Amino acid sequence: GSLGEPRALFAIPSARGPLPAPRWPVECEVIKEAIEHVEWVPSEPEPFCRPVGHEWAPATLGEEKGTVVYHLNPAPPGSCFTRARVGGAPGPLSSPAAPLEGPQDTTLLFESRFESGNLQKAVKVGPYEYVLTLRPDLYTAKHTQWFYFRVQNTRRDPLYRFTIANLAKPKSLYSEGMQPLLYSQRDAQSHSIGWRRVGTDVRYYRGGGVEEPTAFCLSWTARFPHDGDTCFFAHSYPYTYSDLQRYLRALAGDPVRSRYCAVRALCRSLAGNTVYLLTITSPVGTAAKRAVVLSARVHPGESGSSWAMQGFLDFLLSAHADAQLLRRLFIFKVVPMLNPDGVVVGNSRCSLAGRDLNRAYGTALRSSFPGVWHLRAMVERMLAEREVVLYCDFHGHSRKNNVFMYGCDSGGAGARMRLHQRVFPLMLSKNAPDKFSFPSCKFKVQKSKAGTGRVVMWRMGVSNSYTMEVAFGGSTLGGRSLHFTVEDLKSLGYHLCDTLLDFCDPHPAKFQQCLSEVDALLRQRLGREPGSGSSWSDVSPSELESSTSGSDSSVSDG
């Protein structure tokens, strides 16, 4: 914790000197090369591919018939985090990839020992066919979803097939046309082309193995753009801890933006990585301002949330008139990466405590869950001195397309409050009609969600408390079926700013209009007549949930 620790011990990126290097658990090997990707938006939109039938597996050989060409040693079962250091495991690196037998050997060389990387094992089961195994979240046996790995020694002509054989979730947007991402180093160097969607014959299906918990498989075919290239595959656009530090360093070194944005350490993570806290406001009249609290990346595999957060910061810190107005009106407290350790090691969901931090807000364990503990404590302190007008935690969603929010409605509250909680998401859907789906929003507080940031902040007195869920896939609104680009994700941050101004507009016309729209929508859903008495207090939150938005089972991404 930060009690009595001098500020200088914390690694705040300064405009000079090297970036504070990420700290890794000592079990993790880390290659020396720095991995960086160019940011790029394709000139043409990338439509979903045609979904292939779910039920049957492609005719692949089992991995027992193949050759292991990449294998990292798994952490021993039941082990837990002990200590961390810069650069991970000391001593020389092992060689998890099988060496090539000569120039005619077309075996791909796999690598995942870099920031946010995740691949445990690759088995070659055909000349151009590989069965892959992901590494579970460290110190757990579960949560295989995020993947991000490098392949070298590519060939341009053949069609390759990759099958990830140990995914955890029974449902996925991969069965609805979503495609994985590919990055070609050569295309990046010669044409500044970045991540793009690839893959034909993309399937997501139940594995046939005899593993105790059922595993699911993702299989796709793809061609590489060049011979002898270095390429990467990923589940979503990666955004690493070092990416965040580069961004914050540019901020700290900017004479204009650093005047109204202070970068501080909220605390340190278990591994000793800094959890950053940004305070953004114009330097006048701070005492009377209401607060807005935003956070992202409590779940490390939901990298799209970091791009949305960066879009939010880009806009709020810009010279735009609306940004200046927002900084005059509010004090913003932003934690852009709540779980840096999970992001560094390439986890999907957990921190190094082996726990989902978004179920740990209710605990008093400061030493086990420092990020969420200090965020909660900070909001408690804020609430003692000012109103917190909005809390929003950014997430990614793997089973529903579009962008939507989860809010808090416990029932029994006055009708006004119950409708009010639905106004901000409705406004956001009007500002981003091509991406944000109001019918997908939910407002029910489930027992299993009691320890989440949104529910705990709401119980503490933040009545507008939300998680914003951004699909890994893309938009199906207005007849679209298009993948989200990095630019789409960043635009959500801009639309959030827009919506905040609408929501807090001193002229209440927009707010009132949205309030009556919400009222009408709920009446329609319940089959009540308009004007038939305005009490919602006798209706349970379950009855108010949309019948169309599918079941919200306990494996929800929230």
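Note that the structure is predicted; figures quoted are calculated from it, not measured.

## Brief notes about the side chain of Thr144
- Within the secondary structure, Thr144 is located in the loop between strand S6 (129–133) and strand S7 (148–152).
- When its relative accessible area of 9% is taken as the criterion, Thr144 is described as buried.
- A distance of 2.5 Å separates the side chain of Thr144 from the backbone oxygen of Asn166, its partner in a polar contact.
- Residues contacting Thr144, with those up to four places away along its chain left out, are Leu134, Arg135, Pro136, Asn166, Leu167, Ala168 and Ser348.

## A few points about the packing of helix H4 (residues 321–329) against helix H10 (residues 486–503)
- Taken N-terminus to C-terminus, the directions of H4 and H10 make an angle of 60°; their axes are 11 Å apart at the nearest point. When the axes of H4 and H10 are compared, the pair comes out oblique. Both H4 and H10 take part in a crossing whose hand is left-handed. Between H4 and H10, the contacting residues are Asp322, Leu325, Leu326 and Leu329 on the first element and Cys497, Asp498, Leu500 and Leu501 on the second.
- Split by residue class, the contact of H4 with H10 holds six nonpolar, no polar and two charged.

## Comments concerning the UniProt feature "active site" (unreviewed entry) in the protein
- Listed under "active site" (unreviewed entry) in the UniProt record, and renumbered for this structure, are Glu469.
- Counting through the fold element by element, Glu469 comes out in strand S21 (residues 465–471).

## As for the packing of aromatic side chains
- In this structure the tally under the stated criterion is 33 aromatic pairs.
- An angle of 75° between the planes, with centres 5.0 Å apart, marks the rings of Phe114 and Tyr148 as edge-to-face. Residue Phe114 is located in the loop between strand S4 (109–111) and strand S5 (121–126), and its partner Tyr148 is located in strand S7; the two are separated by 34 residues in the primary sequence.
- The buried category is assigned to Phe114, whose relative accessible area is 3%.
- Geometrically, the ring pair formed by Tyr183 and Trp195 is tilted, given 5.3 Å between the ring centres and 50° between the ring planes. Within this pair, whereas Tyr183 is found in strand S9 (residues 181–184), its partner Trp195 is found in the loop between helix H1 (185–191) and strand S10 (196–197), the two being separated by 12 residues in sequence.
- Its relative accessible area of 2% is what places Tyr183 among the buried residues.
- Overall, the relative accessible area of 6% leaves Trp195 in the buried class.
- Put simply, the rings of Phe110, Tyr128, Tyr130, Phe147, Phe149, Tyr160, Phe162, Trp220, Phe224 and Phe233 pair up and form one aromatic cluster.
- Of note, Arg327 hangs over the ring of Tyr260, and the distance from its end group to the ring centre comes to 3.7 Å.

## Topic: the pairing of strand S18 (residues 388–397)
- When you tally the buried positions in S18, you get 10 out of 10 residues, the bulk of the element.
- For strand S16 (residues 290–296) and S18, the ladder comprises six bridges, and the chain directions are parallel. In the strand pairing of S18, Val293 is matched with Tyr391.
- Pairing analysis gives seven bridges linking S18 to S21, with the strands arranged parallel. Of the residues in S21, the one forming a bridge with His397 is Ala471.

What counts, and at which threshold
- Residues numbered from 1 in each chain as written.
- Predicted model: local features only at pLDDT ≥ 70, side-chain atom pairs only at ≥ 80, totals over all residues.
- Heavy atoms only, no water.
- Helix = DSSP H or I, 4+ residues; strand = E, 2+ residues; numbered from the N terminus.
- Buried < 20%, exposed > 50% of the residue type's maximum accessible area, 1.4 Å probe, protein only.
- Polar contact = N/O pair within 3.5 Å; in protein donor to acceptor, adjacent residues only side chain to side chain.
- Contact = heavy atoms within 4.5 Å.
- Axes fitted to C-alpha atoms, helices over the stretch in contact; angles between N-to-C directions.
- Parallel < 35°, antiparallel > 145°, perpendicular 65-115°, else oblique.
- Left-handed = near helix turned anticlockwise from the far one by under 90°.
- Nonpolar A, V, L, I, M, F, W, Y, C, P; charged D, E, K, R; others polar.
- UniProt positions renumbered as here; feature names shortened; annotations may be inferred.
- Phe/Tyr/Trp six-rings, centres within 6.5 Å; stacked < 30°, edge-to-face > 60°.
- Lys NZ or Arg CZ within 6 Å of the ring centre and 35° of its normal.
- Pairing = 2+ DSSP bridges.

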